[in-house]
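Understanding the architecture of this molecule
Each chain, letter by letter, is given below.
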Amino acid sequence: MSLELNLYTVDSFTKEPFKGNPAGVCFLPTNFEQLISKENEENLFKLIAREMNLSETCFVSKINQNVNNQNKQQNEENLFQLRWFTPTNEVHLCGHGTLAVAQLLFENNNLLSSSSINGSNQFKFLTKSGILIVEKENDGKLKMDFPKGDPQLLLNNNLLKNEILNNLLKTGLQLETNNNIAKEILLCKKTKKLFLVVNSLQSLLQMEANDLYLKNFNFENEELNLNVRGISVVMNKNDIHLENELNLLQKLIPNEEERNSIDIISRYFSPWNGIHEDPVNGSSHTALGVYFSKVLNKNKLIGFQASNRSGLVFMELKENSDRIYLGGYARTMMNAKMII
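Before going into details, it helps to say that this report is about the structure given with it. Nothing here was measured: the structure is a model prediction, and the numbers come from that model.

Another point: the layout of surface pockets. Computed from the structure, the second largest pocket encloses a volume of approximately 670 Å³. What lines the second largest pocket is a set of 28 residues, among which Glu258, Phe304, Ser310, Gly311 and Leu312 lie closest to the centre. Listed by contribution, the elements that provide at least two residues to the lining of the second largest pocket are helix H10 (256–261), strand E14 (300–305) and strand E15 (311–317). Each residue belonging to the lining of the second largest pocket can be placed in one class, and the counts come to 11 nonpolar, 8 polar and 9 charged.

What follows is the structure, encoded as structure tokens:
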């Protein structure tokens, strides 16, 4: 018996088609558990994600109201199971994938026989990072309630900074230049990401991940070896002063209003997860928002990810909370059927 699956692609963190970060979304049929055994489920998801060949493919199912009825939180009508897979493995948190799923549900509440919760405009997702809530604002922007990252400054790190710049990211710059552009390096264990803070837009844009070197690199530190699965290179827009860099910024973001509104510029590389460069990475901004809110003394920020596709991520820290809002727009691009 063949299995038919509804698949979508959605461009996240953008209003425009062919920009932002494309995510695959697969809505599982209500009888999926009867068709595919638990033992085969994960392997099937990996195969579908590999076939989609996007940075993440999401698998969504409606949580049975009669299951887990001991947990009141899991008995709400608009609660869904959500998992994310790269072409090589499952990940525990994905911002652009969550945004993509919510966009589709808001566009068509009947995708999984859903309806609004008590008349409110939100959906809840049960994930490996806990319950994630997504709301839709009046202007169409989606706001996701995520756990905050925990970026920690790594001290005595000059050797590591130089190693990353000279070998891991293949900047093509001279050693003495590299020594001047790296300001700080941070580790976020929650998101398993390393953050390299630089002060040169030209250098940030020139960087190119050395995938093989990264995947086999020994940080000679057990904490780093266990907790680094992605590297975000980021800079404070306020560090751009030189005329050639200001011209580069104008070329990168032609829209003046958008250019003036952003606070940080970043790129993200994750060959450990089969991703050479992620066009717009949401989960890294759970840590970037925490770090730059202190640097800039503000709790609402906008990040621009400077990939070839580019996109905007809105960040808002919740006061007296371990949560952060990530916001963005999304654009549905394609609907197809996969027959297995």
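Bringing the pairing of E14 into the picture now. Here is the key point about a regular strand: its side chains alternate between the two faces of the sheet. The buried count for E14 comes to 5 of 6 residues, which makes it a mostly enclosed element. With 3 bridges connecting them, strand E13 (residues 264–269) and E14 associate as parallel partners. Bridged to isoleucine 265 within E14 is phenylalanine 304. Here E14 runs beside E15; their pairing, made up of 6 bridges, is antiparallel. Note on E15: the bridge partner recorded for glycine 303 is valine 313. Linkage of E14 to E15, two consecutive antiparallel strands, is achieved through a turn of 5 residues, within which serine 310 is found at a positive phi near 65 degrees.

This brings us to the environment of glycine 303. Topologically, glycine 303 is positioned in strand E14. Given a relative accessible area of 1%, glycine 303 falls into the buried group. Through-space distance from the C-alpha of glycine 303 to that of glycine 282 is 9.9 Å; in sequence the pair is 21 residues apart.

Here is what the cut-offs are and how they apply
Residues numbered from 1 in each chain as written. Predicted model: local features only at pLDDT ≥ 70, side-chain atom pairs only at ≥ 80, totals over all residues. Heavy atoms only, no water. 1 Å grid on protein atoms, 1.4 Å probe; cavity = no way out; pocket = protein on both sides within 12 Å on 5 of 7 lines; lining within 4 Å. Points joined across faces, edges and corners; volume = space filled by probe spheres on them. Helix = DSSP H or I, 4+ residues; strand = E, 2+ residues; numbered from the N terminus. Nonpolar A, V, L, I, M, F, W, Y, C, P; charged D, E, K, R; others polar. Buried < 20%, exposed > 50% of the residue type's maximum accessible area, 1.4 Å probe, protein only. Pairing = 2+ DSSP bridges.

These figures capture arrangement, not role.
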